[in-house]
Amino acid sequence: MNDVKEPLDRSTAAEYASWFKALADATRVQIVSLLARRGAPMSVGEIVQAVDVGQSTVSAHLKVLSEVRFVLVERHGTAAFYRINQACVECFPSAADLVMGRPAPTPPACPDLGESR
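Keep in mind the model is a prediction, meaning the values are calculated, not measured.

Visitor: I'd like a description of the pattern of salt bridges, backed by residues and values.
Guide: Tallied over the entire structure, the rule returns three salt bridges. In this structure, Glu 15 and Arg 69 form a salt bridge, with 2.6 Å as the shortest nitrogen-oxygen distance. Of this pair, Glu 15 sits in helix α1 (residues 10–22) while Arg 69 sits in the loop between α4 (55–67) and β2 (71–76), placing them 54 residues apart in sequence. A relative accessible area of 25% means that Glu 15 is categorised as partly exposed. Glu 67 serves as the salt-bridge partner of Lys 63, at 2.6 Å between the closest nitrogen and oxygen. Taken as a pair, Lys 63 and Glu 67 lie in helix α4 at a separation of four residues, close to a single helical turn. Since its relative accessible area comes to 45%, Glu 67 is described here as partly exposed.

Written out as structure tokens, the structure is:
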């Protein structure tokens with residue numbers, strides 16, 4: 001275990017809590033996993049086919065995931081394509097380790113995720 005006895009600072013804890021809250025739904029976990037594994041932007045229709053959930057439900061989940069910046073939107077004319085935010089993928093294991101009091105194996109330099117939109 002880590003020798004640090006103090007909790008995370010409030011702003012870091014709030015950011016991580018928003019990430020964990022966004023992942024507190026099985027369909028959102030499926031969508032994040034799909035986009036991370038696919039590695040290429042996907043349309044809502046492609047995501048719907050892969051997770052077997054209705055279009056309006058997938059769209060609502062994508063909205064939640066984009067609000068915490070796990071998912072980024074690329075617009076091409078009237079079409080929207082969704083992709084995983086690689087910065088979140090790189091930071092997330094460290095977030096879990098830090099919350100649990102373990103040192104991150106190799107702490108990534110997490111950029112300001114707000115600029116990745």
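Visitor: Lay out the nonpolar core in plain terms, naming residues and giving numbers.
Guide: In terms of nonpolar packing, the biggest core is built from 24 residues, with Ile 31, Leu 35, Ile 47, Val 58, Leu 62, Phe 70 and Tyr 82 touching the most fellow members. Residue assignment for this core shows that the elements contributing at least two residues are α1, α2 (26–38), α3 (44–51), α4, β3 (79–84) and α5 (86–99).

The rules we used
Residues numbered from 1 in each chain as written. Predicted model: local features only at pLDDT ≥ 70, side-chain atom pairs only at ≥ 80, totals over all residues. Heavy atoms only, no water. Salt bridge = Lys/Arg side-chain N within 4 Å of Asp/Glu carboxyl O. Helix = DSSP H or I, 4+ residues; strand = E, 2+ residues; numbered from the N terminus. Buried < 20%, exposed > 50% of the residue type's maximum accessible area, 1.4 Å probe, protein only. Core = buried A, V, L, I, M, F, W, Y, C linked by side-chain atoms within 4.5 Å.

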